[in-house]
Amino acid sequence: NRVVRYWVLDEFHVLITQSDFRVLFPRLVTTVRLIPVPFVGLSATIPESYIDIIRIMMSSVTTTVVRSPTDRPNLRYRVYRLPRDTEEELDKELCRQIKSGWTVCMDKDVSRFIVFTHTSSAGDKFMQLVNEKSEELGMKAVVYHSKMDRDSKEKAYHKWKEGEAKLLVGTGAIGAGMDYRYVRRVWHRGFASSNINFIQEMGRAGRDNESALCVLI
């Protein structure tokens, strides 16, 4: 019997970027529109061009936009171009960088790595490759993507967070909302699906405000 006085929606950008495959989001927009109370949408990655889309989507008559800088000086960005554009070369270089990064990593107890892939099948394959080379690379991997059931995803995330596996491989399903503090390196295995997803996914690194590296291969 409580009265709804406000809607507060965190990671607000996903209502635009993920409505195609998350069926709950369009329903949520409809619900917000049917209950005419003020709403607050929060996101670190809504570009200026999306503001009008949001106004129309939410049937907003008046909108106040508050923006602040999102620069994170502790993050370093690198782009690595392969001499040959093949899957084999991509995985070979990625494994080389993972091994090198783990070798120089200072605090191996809490430090973690992430690799983002375009598809769930690519994530499955790369996770398997890393585990086949686990002794050489110095770590094991788990995979996390939207095609896994909830229990499997939670178990994979727990193994990674607790250190049983140091590398988390997966799609944008591990982007927004994942807040482990000690991610020292994040790789994109190829381009991200959008600039918003790129910023969100690279933003998993260095959430303890210490130096972290973000690499696009």
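Below: a short report on this structure. (Residues numbered from 1 in each chain as written. Predicted model: local features only at pLDDT ≥ 70, side-chain atom pairs only at ≥ 80, totals over all residues. Heavy atoms only, no water.)

1. Observations regarding the side chain of Ser120
1) Next: Relative to the helices and strands, Ser120 resides in helix α5 (residues 120-132).
2) Next: A relative accessible area of 11% places Ser120 in the buried class.
3) Next: When near neighbours in sequence (up to four residues on either side) are disregarded, Ser120 contacts His145, Lys147 and Thr171. (Helix = DSSP H or I, 4+ residues; strand = E, 2+ residues; numbered from the N terminus. Buried < 20%, exposed > 50% of the residue type's maximum accessible area, 1.4 Å probe, protein only. Contact = heavy atoms within 4.5 Å.)

2. Section: helix α8 (residues 195-202)
1) Next: Among the residues of α8, those classed as buried are Ile196, Asn197, Gln200, Glu201 and Met202.
2) Next: Residues of α8 that are buried in the fold lie against α1 (14-17), β3 (75-79), β4 (112-116), β7 (183-188) and β8 (212-216).

3. Things to note about the pairing of β4
1) Next: The buried count for β4 comes to five of five residues, which makes it a mostly enclosed element.
2) Next: As judged from the five bridges shared by β4 and β7, these two strands associate in the parallel manner. Bridge pairing in β7 places Ile114 opposite Val186.
3) Next: The pairing of β4 with strand β6 (residues 167-170) spans four bridges and is parallel. In the sheet register, Ile114 faces β6, and the bridge partner there is Leu168. (Pairing = 2+ DSSP bridges.)

4. Brief notes about the packing of aromatic side chains
1) Next: According to the stated counting rule, one finds six aromatic pairs in the structure shown.
2) Next: Ring geometry for Trp102 versus Phe113: centroids 5.4 Å apart, planes at 90°, classification edge-to-face. Pair noted here: Trp102 is in helix α4 (residues 87-104) and Phe113 is in strand β4, with a separation of 11 residues, a long-range link.
3) Next: A relative accessible area of 7% places Trp102 in the buried class.
4) Next: Residue class for Phe113 comes out buried when judged on its relative accessible area of 1%.
5) Next: When the centroid spacing of 5.3 Å and the interplanar angle of 75° are considered together, the rings of Phe113 and Trp187 count as edge-to-face. Taken together, the positions of Phe113 in strand β4 and Trp187 in strand β7 put the pair 74 residues apart, joining distant regions of the chain.
6) Next: Classification of Trp187 by relative accessible area gives buried; the value is 1%.
7) Next: One aromatic cluster is present, built from ring pairs that chain together Tyr157, Trp160, Tyr180 and Tyr182. (Phe/Tyr/Trp six-rings, centres within 6.5 Å; stacked < 30°, edge-to-face > 60°.)

5. A few points about the layout of surface pockets
1) Next: Empty space within the largest pocket amounts to approximately 1200 Å³.
2) Next: Around the largest pocket, the lining is made up of 45 residues, and of these Gly41, Leu42, Ser43, Ala44 and Ile46 lie nearest the centre.
3) Next: Of all the secondary-structure elements, those providing two or more residues to the lining of the largest pocket are α2 (24-34), β2 (39-41), α3 (51-57), β3 and α8.
4) Next: In terms of residues, the lining of the largest pocket owes the most to one element, α8, which gives four residues.
5) Next: Its residues assigned to classes, the lining of the largest pocket comprises 22 nonpolar, 13 polar and 10 charged. (1 Å grid on protein atoms, 1.4 Å probe; cavity = no way out; pocket = protein on both sides within 12 Å on 5 of 7 lines; lining within 4 Å. Points joined across faces, edges and corners; volume = space filled by probe spheres on them. Nonpolar A, V, L, I, M, F, W, Y, C, P; charged D, E, K, R; others polar.)

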